Protein chains: 2
Amino acid sequence: MAAPMHVEFVGGRTGAWRVVAVRPSAGEPLPAVERLAIYEGRAAAPGDWSLCGVVSHQRYVTRAEVDTLTAAGAGLGRPQATCAAFIPIKKNEAWWMLAQDERRAIFEERSRHVAGTLKYLPAIARRLYHARDLGQPFDFLTWFEFAPADRELFEELVGGLRASEEWRYVEREVDLRLERA
Amino acid sequence: MAAPMHVEFVGGRTGAWRVVAVRPSAGEPLPAVERLAIYEGRAAAPGDWSLCGVVSHQRYVTRAEVDTLTAAGAGLGRPQATCAAFIPIKKNEAWWMLAQDERRAIFEERSRHVAGTLKYLPAIARRLYHARDLGQPFDFLTWFEFAPADRELFEELVGGLRASEEWRYVEREVDLRLERA
């Protein structure tokens, strides 16, 4: 946490992840690509499109939630986690005009973003990249890794989030499913 | 709030603000300059140094606090506000490792960052620029504008903040005082 880690996701013809499906999403889609390459803290090669984000500090979770998530979660890069989902999200202006307590109430007290998804840990590993302050087209880039046997579990997780009150504020969302190439 | 506004502060020989004093600060200082130029959402001319930030959404304040601050505060650019302070701040790793509720408790319940500074509104106009996620050397760029008659009032405001528990987490701070050129 010494400094936010800058990460670039490049869609194109090369990269460690093969795009195997593009799910229905909201708003303008991304151009179709064969592969996704991820560059962590280093210069990216060009591709058909590129999205940047940073791994930064926590914005909503309490100490108790951080400790619970840390104890229950898994890191990225597990050998058996050969499936992934890359879901860039943009929330609308109404969300960003809310004060911190209002966003927190929607995020957790009403949408159970943390408590409702704990049961998917450690099967589904996830990481959030912040992009809004970087002037990017999406506010967040979300990344999930799981084993092939946990595909249905992942559908349940993402379906639950999309049915939540928090998701009413999502105005653009792209959903790419990937496998290690 | 449609998108965060990108702003660049350039220290050098040109700009609308003349540097009239550099106050004692913490950590590495910035090279001395004669003028400060501010570029809002447009390309900046080069200078001796440059710092970027974004006007972004609120991170700690509640709806009640937002409404109180909005009602009491003043905008930038008032003709009589010919004095300014530019105070870039970097907080330490311990701060950024805290969870949201821990940072909020230090920021307001214990340091009274909002409630304790309301009495300085509307005399002291202020704006916060976020810089941490941009990979900048400071986490925040803070900007204050006030009339010459309110110089002492500003010293009281900044002195109070520096005496707070929140400021124990500040590891680098530069304090430039300016006047409209």
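Residues numbered from 1 in each chain as written. Chains lettered and ligands numbered in written order. Predicted model: local features only at pLDDT ≥ 70, side-chain atom pairs only at ≥ 80, totals over all residues. Heavy atoms only, no water.

Regarding the packing of aromatic side chains
No. 1: Taken as a whole and judged by the stated rule, the model has 26 aromatic pairs over all chains.
No. 2: With a centroid separation of 6.0 Å and 40° between ring planes, the pair formed by B:Phe9 and B:Trp143 is classed as tilted. One end of the pair, B:Phe9, is in strand 1 (residues 5-12); the other, B:Trp143, is in strand 7 (residues 140-146), with 134 residues separating them in the sequence.
No. 3: Taken together, the ring pairs in this structure connect A:Phe9, A:Trp17, A:Trp49, A:Phe86, A:Tyr129 and A:Trp143 into an aromatic cluster. (Phe/Tyr/Trp six-rings, centres within 6.5 Å; stacked < 30°, edge-to-face > 60°. Helix = DSSP H or I, 4+ residues; strand = E, 2+ residues; numbered from the N terminus.)

Notes on the interface of chain A and chain B
No. 1: Contacts between the two partners involve 27 residues from chain A and, on the opposite side, 27 residues from chain B.
No. 2: Summing the contributions of chain A and of chain B, the shared interface buries around 2,400 Å²; its carbon and sulfur component is 48%.
No. 3: B:Arg63 is the salt-bridge partner of A:Glu102, the closest N and O atoms lying 3.1 Å from each other.
No. 4: Taken together, the connections running from chain A to chain B amount to 14 residue pairs in polar contact (both at pLDDT 80 or more).
No. 5: Of all the elements in the fold, those that place two or more residues in the side of chain A that touches chain B are helix 1 (63-72), helix 2 (93-97) and helix 3 (100-110) of chain A.
No. 6: Take the side of chain A that touches chain B: its biggest share by element is four residues, from helix 3 of chain A.
No. 7: Classifying every residue of the side of chain A that touches chain B gives 13 nonpolar, six polar and eight charged. (Contact = heavy atoms within 4.5 Å. Buried area = accessible area lost by both parts, 1.4 Å probe. Salt bridge = Lys/Arg side-chain N within 4 Å of Asp/Glu carboxyl O. Polar contact = N/O pair within 3.5 Å; in protein donor to acceptor, adjacent residues only side chain to side chain. Nonpolar A, V, L, I, M, F, W, Y, C, P; charged D, E, K, R; others polar.)

Section: helix 4 (residues 151-162) of chain B
For an α-helix the count is 3.6 residues per turn, leaving residues at separations of three or four pointing the same way.
All names here are of chain B.
No. 1: Over its 12 residues, helix 4 extends 17 Å from the first C-alpha to the last, a length consistent with the 16 Å expected when each residue adds 1.5 Å.
No. 2: All of the buried residues in helix 4 are Phe154, Leu157, Val158 and Leu161. Each buried residue of helix 4 lies within a common arc of 85° when the element is viewed along its axis, so the set occupies one face.
No. 3: Residues of helix 4 that are buried sit in contact with strand 5 (83-91), strand 6 (125-130), strand 7 and strand 8 (170-180). (Expected span 1.5 Å × (residues − 1). Buried < 20%, exposed > 50% of the residue type's maximum accessible area, 1.4 Å probe, protein only. Arc of directions from axis to C-beta.)

What about the pattern of salt bridges?
Residue and element names in this part refer to chain A.
No. 1: Within this structure, the stated rule accounts for 34 salt bridges over all chains.
No. 2: Glutamate 109 is the salt-bridge partner of arginine 104, the closest N and O atoms lying 3.2 Å from each other.
No. 3: The exposure class of glutamate 109 is partly exposed, given its relative accessible area of 46%.
No. 4: In this structure, glutamate 173 engages arginine 162 in a salt bridge whose closest nitrogen and oxygen atoms are separated by 2.8 Å. Residue glutamate 173 is found in strand 8 (residues 170-180), and its partner arginine 162 is found in helix 4 (residues 151-162); the two are separated by 11 residues along the sequence.
No. 5: A residue is classified by how much of its surface remains accessible, and arginine 162, at 28% relative accessible area, is partly exposed.
No. 6: By sharing partners, the salt bridges in this structure join Arg23, Glu155, Arg162, Glu173, Asp175 and Arg177 into a single network.

A few points about the relation of the copies chain A and chain B
No. 1: Between chain A and chain B, the superposition needs a rotation of 180° and an axial shift of 0.0 Å, giving an RMSD of 0.0 Å. Such values leave the two copies arranged in the relation of a two-fold axis. Measuring from the rotation axis to each C-alpha of chain A, the shortest distance belongs to A:Leu134, at 3.2 Å. (Least-squares fit on C-alpha atoms with pLDDT ≥ 70 in both.)

Notes on the environment of B:Gln58
No. 1: Following the sequence through the fold, B:Gln58 ends up in the loop between strand 4 (49-55) and helix 1 (63-72).
No. 2: Separated by 70 residues in the primary sequence, B:Gln58 and B:Leu128 place their C-alpha atoms 9.6 Å from one another.
No. 3: Every residue in contact with B:Gln58, bar those within four places of it in the chain, is listed here: A:Gln100, A:Arg103 and B:Val66.

A word on the side chain of A:Arg59
No. 1: Residue position: A:Arg59 is located in the loop between strand 4 (49-55) and helix 1.
No. 2: Within the structure, the side chain of A:Arg59 is placed 3.1 Å from the backbone oxygen of A:His57, a separation counted as a polar contact.
No. 3: Residues within four places of A:Arg59 in sequence aside, it is in contact with A:Gln100, A:His130, B:Arg59, B:Gln100 and B:Asp133.

Quick look at the pairing of strand 8 of chain A
Each regular strand carries side chains that alternate between the two faces of the sheet.
Residues and elements named next belong to chain A.
No. 1: Among the 11 residues that make up strand 8, eight are buried, leaving the element largely enclosed by the rest of the structure.
No. 2: In the sheet, strand 2 (residues 17-26) pairs with strand 8 via seven bridges, with the strands oriented antiparallel. Bridging from a neighbouring strand, arginine 18 pairs with glutamate 179 of strand 8.
No. 3: For strand 5 (residues 83-91) and strand 8, the ladder comprises seven bridges, and the chain directions are antiparallel. For alanine 84, the partnering residue across the bridge sits in strand 8 and is leucine 178. (Pairing = 2+ DSSP bridges.)

Re unusual backbone geometry
Residue and element names in this part refer to chain A.
No. 1: Between leucine 121 and proline 122 the backbone carries a cis peptide bond, its omega angle lying at 0°.
No. 2: Structurally, proline 122 can be placed in the loop between helix 3 and strand 6 (125-130).
No. 3: At arginine 112, a residue that is not glycine, the phi angle is positive and equals roughly 55°.
No. 4: Position of arginine 112 among the secondary structure elements: in the loop between helix 3 and strand 6.

Some thoughts on the confidence of the model for chain A
No. 1: A residue-level look at chain A finds 99% of positions with pLDDT of 70 or above and a mean pLDDT of 96.
No. 2: For this predicted complex, the interface confidence comes out at an ipTM of 0.92, alongside a pTM of 0.95. (pLDDT = per-residue confidence, 0-100.)

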